[in-house]
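Architecture at a glance
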Amino acid sequence: MILYEDVKKELLDICLQMIKNNLVIGSSGNISVRVEDHVVITPSSVHYTEMSSEDMVVLDLNGKVLEGARNPSVEHPMHLELYNTRDDTKAVVHTHSLYASAMAVLNEPLPPIIDETVPKLGSHIRVSKYAMPGTKQLGANVRDAIEERSAALIANHGAVCIAKTLKEALFLAILLERTCKIYMLAKQVGTPRLLPDDVVEDEQEIWEMMRGY
Ligand SMILES: [Zn+2]
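Here the structure is a predicted model, which means the values were calculated and not measured. (Residues numbered from 1 in each chain as written. Predicted model: local features only at pLDDT ≥ 70, side-chain atom pairs only at ≥ 80, totals over all residues. Heavy atoms only, no water.)

**Describing the side chain of histidine 157**
Relative to the helices and strands, histidine 157 is located in the loop between strand 6 (151–154) and strand 7 (158–163). Side chain to side chain, histidine 157 and histidine 94 meet in a polar contact 3.1 Å long. Beyond its immediate stretch of four places on either side in the chain, histidine 157 contacts Glu75, His94, His96, Ser101, Ala104, Pro133 and Leu138. (Helix = DSSP H or I, 4+ residues; strand = E, 2+ residues; numbered from the N terminus. Polar contact = N/O pair within 3.5 Å; in protein donor to acceptor, adjacent residues only side chain to side chain. Contact = heavy atoms within 4.5 Å.)

Here it is in structure tokens:
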């Protein structure tokens with residue numbers, strides 16, 4: 001019996017959409033989805049364009065491989081940390097998108113600048129403290145950075161978004177990248193003006209109400 005066939009096909013579809021939206025290249029980045037007490041995750045070091053749904057790996061919440069011939073993504077400790085500490089997380093999309101990565105290199109948080117973004121991602125998207133890729137420490141640092149948010153920038157590395165579904169997590173990754181791009185473009189011309197404080201507060205409240213969807 002093959003576990004979670006449809007889920008694996010959806011994972012592959014989202015991977016191809018990450019490529020199409022320029023969020024990753026080659027085999028970089030990784031995604032997963034939680035199904036009850038299991039996690040279905042992309043394999044390590046397989047190019048998305050050569051990946052098949054059978055390459056996906058099924059883990060339990062401690063990281064034990066339950067199914068799959070390949071190694072799970074090297075970043076699986078971060079995925080597990082997020083599932084184990086956030087009830088509102090059913091899907092994780094980790095990208096190396098250009099503008100989000102540039103912000104992460106600058107160690108510059110994304111301030112609340114766009115009305116469309118804050119209710120979806122939360123305000124002031126933080127940059128996690130630096131840790132080596134694939135380490136438990138990176139997972140812990142990202143967990144801290146993403147608290148009360150749906151996204152975090154990962155220092156000198158990339159970005160991560162969490163959501164209730166894979167489709168939503170992909171959409172959030174596109175929205176994060178787009179907002180980072182707007183911020184960087186605006187900074188090249190002048191000083192970005194942030195949303196008013198009371199609006200940010202209201203929009204963060206909307207985030208809290210909507211986090212369950
Ligand atoms: Zn990465």
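**Some points on the layout of surface pockets**
Each pocket or cavity is described by its volume, and for the largest pocket that value is around 160 Å³. What lines the largest pocket is a set of 14 residues, and nearest its centre among them are Ser27, Ser28, Gly29, Asn30 and Val74. Broken down by class, the residue content of the lining of the largest pocket amounts to three nonpolar, ten polar and one charged. (1 Å grid on protein atoms, 1.4 Å probe; cavity = no way out; pocket = protein on both sides within 12 Å on 5 of 7 lines; lining within 4 Å. Points joined across faces, edges and corners; volume = space filled by probe spheres on them. Nonpolar A, V, L, I, M, F, W, Y, C, P; charged D, E, K, R; others polar.)

**So, helix 7 (residues 197–210)**
With 14 residues, helix 7 extends 20 Å from end C-alpha to end C-alpha; this agrees with the ideal 20 Å at 1.5 Å per step. When we look at burial in helix 7, the residues that qualify are Val200, Glu203, Gln204 and Trp207. Along the axis of helix 7, the buried residues cluster in a sector spanning 105 degrees; they form a single face. Seen from the buried face of helix 7, the exposed residues on the opposite side, beyond 90 degrees, are Asp198, Glu201 and Met209. In this fold, the buried residues of helix 7 make contact with helix 4 (118–121). (Expected span 1.5 Å × (residues − 1). Buried < 20%, exposed > 50% of the residue type's maximum accessible area, 1.4 Å probe, protein only. Arc of directions from axis to C-beta.)

**Some details on the sheet that holds strand 1 (residues 30–35)**
Within the open sheet, the seven strands sit side by side as 4-3-2-1-5-7-6. Their pairing is antiparallel. The two strands at the open ends of the sheet, each matched to only one other strand, are strand 4 (65–67) and strand 6. The sheet shows a mean angle of 25 degrees between the axes of neighbouring strands, direction not considered. As paired strands, strand 5 (residues 91–95) and strand 7 are joined by five bridges and run antiparallel to one another. (Pairing = 2+ DSSP bridges. Axes fitted to C-alpha atoms, helices over the stretch in contact; angles between N-to-C directions.)

**Details of the pattern of salt bridges**
Under the counting rule described, the total for this entry stands at nine salt bridges. Two residues, aspartate 37 and arginine 34, come together in a salt bridge whose shortest N-O distance is 3.4 Å. As a salt-bridge pair, glutamate 148 and arginine 211 come within 3.8 Å of each other at their nearest N and O atoms. You can see glutamate 148 sitting in the loop between helix 5 (136–145) and strand 6 and its partner arginine 211 sitting in the segment after helix 7, a full 63 residues away along the chain. For arginine 211, a relative accessible area of 28% puts it in the partly exposed group. (Salt bridge = Lys/Arg side-chain N within 4 Å of Asp/Glu carboxyl O.)

**As for the packing of helix 2 (residues 76–85) against helix 5**
Between helix 2 and helix 5, whose axes approach to 8 Å, the crossing angle comes to 40 degrees. In this view, helix 2 runs oblique relative to helix 5, as classed from their interaxial angle. Where helix 2 crosses over helix 5, the handedness of that crossing is right-handed. Across the interface between the two elements, Pro77, Met78, Glu81, Leu82 and Thr85 of helix 2 pack against Lys136, Leu138, Gly139, Ala140, Val142 and Arg143 of helix 5. Taken together, the residues of the contact of helix 2 with helix 5 break down into six nonpolar, two polar and three charged. (Parallel < 35°, antiparallel > 145°, perpendicular 65-115°, else oblique. Left-handed = near helix turned anticlockwise from the far one by under 90°.)

**Observations regarding the side chain of histidine 79**
Tracing the chain through its elements places histidine 79 in helix 2. Given a relative accessible area of 0%, histidine 79 falls into the buried group.

**So, the coordination of the zinc ion**
Tetrahedral coordination by four donors sets the ideal angle at the metal to 109.5 degrees; octahedral coordination by six donors sets it to 90 or 180 degrees. Ligation of the zinc ion by protein atoms is provided by His94 (NE2), His96 (NE2) and His157 (NE2), these donors lying 2.0 to 2.1 Å from the ion. Between the donor residues of the zinc ion, the gaps in sequence give the motif H-x1-H-x60-H. A residue is classified by how much of its surface remains accessible, and histidine 94, at 1% relative accessible area, is buried. Among the residues examined, histidine 96 registers a relative accessible area of 31% and is labelled partly exposed. (Donors = N, O, S within 2.8 Å, 3.2 Å for Na, K, Ca; no water.)

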